[in-house]
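# Working through the structure, step by step
Below are the chains, spelled out letter by letter.
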Amino acid sequence: MQIDTPRGMDDLLPREFALKRKIEEVIREVFALYGYLEIETPTLEYYELFAIKSGEEIRQRMFEFEDKAGRKLVLRPEVTASIARLVSTKLKAWPQPIRLGYIADCYRYDEPQWGRRRRFWQGGFELFGSKSPLADAEILQVSHEVFNKIGLKDHFFKVGHVGVLRKLLEEFKVDERDQDKILTMLDRKEIDDAINVMRGLGVGEEAVKAIQELITLEEYDHERIFKRASDTLSRWKEAEKCLENLREIIEAAREGGVDSPIIVSPGFARGLEYYDGFIFEQGIPGIHISFNGGGRYDKLVELFGGKPTPAVGCAIGITRIMQYMLDKSIGVPDPPRPKILIAGVSKVSPRYISKVSRNLRDLGVAVEVEVSGKKLPTAIEFAVKNGMRYVVIVGEREEEGQKIVIRNLETRTQMEVDLVDVDKIMEVLGGT
RNA sequence: GCCGCGGUGAGGUAGCGGUUAGCCUUCCGGCCUGUGGAGCCGGAUGCCUGGGUUCGAAUCCCAGCCGCGGCCCCA
């Protein structure tokens, strides 16, 4: 019998689940603060939805199978495609801009390792209907805000613009599919192969040289890097415009409160082929995987049959953040648990214990009932060990008089109270 | 997809050809008839799976499975 979880898929224990909840709460808080409406899409989608434009890397790493009617289905490897599908269909008559948020589990058939699971959670922000740098900057702002609120204040950004390289290639009539191929190669640091492909497609030597230069540019000093990059690109106006766009985005984000380090990398490419403008990743020093990534994808909605709709978004790696925080033991909350245990003693009837618990819960007080037949000392020990603050003791004597004994575990004192004396009970329980 | 390292009760570990498989935490019971985190006593659960070598395997060999890291890439 196979009783383990499937490879790379984790059970979340109470502590882990509480942490996941906390991160989700932060994300939802930011949804609300910026106007992102939360939605949900199916975990299963048709293969085609992702096959079209999600990138070779993802395509090979999907869980795929056939349903009983022979349709090809996949477990979603990410959510952006589903959201774009939604915008191109059900939301096509909505007034834009449209801001959507999601928190969803995703699946990839990867080799599991630190920060990479086969099932993992992403929290996403997607903004449709704006070409303005303000929209891109907003995605940086929400990312910044989420990480700060979670307590990861030392995060940094790495930003780039796919248009820089794409526009340059377009000058030499390289079609989109070949661009995808080249960008993927550059992303994988297969520089020589990329150069060979470019030459094969008739890209001029000056441009090849420019690209080689661009991919080595990467630093914090914005002024210097923009100067150098625009010198390199001065001959190709379209590519230079993209660079200018990137500069505007960064400036807007800075004014919008994004005060973490931003590494500018004009030759930066990302694996998801649908990106066609601003792109970024967010990380933490010393960790070599990114915790958040996103960018602009102006063609995707159109690709799914919608009207041309510019879009920009990001996907925050909740599972990675969790793993980091658990490893470092930072900000891991205790699972919420009642502070009160009701323990029966001697010949008290189950009816009375049940009644007492009902009364207390009606007052909004969270209680656990001792149901395992523990004797009182053991029950008290159990309560103490589990961080509870009161034991409500009910026995025959209390049942006869319709009373309860509330014992305070911290002060080691106790008091008998009438079950109907609501004010007294609340007073003794001190607002728990 | 590739490359390393590793699998001993629920968790953490010792043992590395012959041990009654040891220790810590946990869990259960008792000391304790309705009042405390302690203590003491007792108890429960284990050598990943399958082959092989050997008089004898947790220990050595092979394969598989699983886990952990790294590469690549990604969240």
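All of these numbers come straight from a predicted model, not from anything done at the bench.

Summed over all chains, the structure comprises 32 salt bridges. Ionic pairing is found between Arg 117 and Asp 10, a salt bridge with its closest N-O pair at 2.9 Å. Of the two residues, Arg 117 is situated in the loop between strand 5 (98-107) and strand 6 (119-128) and Asp 10 in the segment before helix 1 (14-34); the sequence distance between them amounts to 107 residues. On the basis of relative accessible area, Arg 117 is assigned to the buried category, the value being 18%. Among the salt bridges present, the one from Arg 116 reaches Asp 110, with a minimum N-O distance of 3.8 Å. Each of Lys 20, Arg 21, Glu 24, Arg 28 and Glu 38 takes part in salt bridges that share partners, so that together they form one network.

Turning to the domain arrangement of chain A, a few remarks are in order. Partitioning chain A into structural domains gives domain 1 (1-143 + 284-325), domain 2 (156-267) and domain 3 (340-428). Just the C-alpha atoms count here: the centres of domain 1 and domain 3 sit 46 Å apart.

Counting residues in hydrophobic clusters, the biggest one holds 102 residues, and the most contacted among them are Phe 125 and Val 159. In terms of residue count, helix 5 (residues 133-150) provides more of this core than any other element does, 8 residues in total. Looking at which domains feed residues into this core, each of domain 1 (1-143 + 284-325) and domain 2 (156-267) gives three or more. Core analysis: the next-biggest nonpolar cluster, separate from the first, contains 19 residues, Val 367, Val 392, Ile 404 and Leu 419 among them.

With antiparallel pairing, 3 strands are arranged side by side in an open sheet as 2-4-3. Taken across any chain shown, the strands that pair with only one partner, and hence form the sheet edges, are strand 2 (44-46) and strand 3 (64-66). Going across the sheet, the axis of each strand differs from the next one's by a mean of 40°, ignoring polarity. Direction of pairing for strand 2 relative to strand 4 (residues 72-75): antiparallel, over a ladder of 3 bridges. Bridge pairing in strand 4 places Tyr 46 opposite Leu 73.

What counts and how
- Residues numbered from 1 in each chain as written.
- Chains lettered and ligands numbered in written order.
- Predicted model: local features only at pLDDT ≥ 70, side-chain atom pairs only at ≥ 80, totals over all residues.
- Heavy atoms only, no water.
- Salt bridge = Lys/Arg side-chain N within 4 Å of Asp/Glu carboxyl O.
- Helix = DSSP H or I, 4+ residues; strand = E, 2+ residues; numbered from the N terminus.
- Buried < 20%, exposed > 50% of the residue type's maximum accessible area, 1.4 Å probe, protein only.
- Domains from an automatic or database assignment.
- Core = buried A, V, L, I, M, F, W, Y, C linked by side-chain atoms within 4.5 Å.
- Pairing = 2+ DSSP bridges.
- Axes fitted to C-alpha atoms, helices over the stretch in contact; angles between N-to-C directions.

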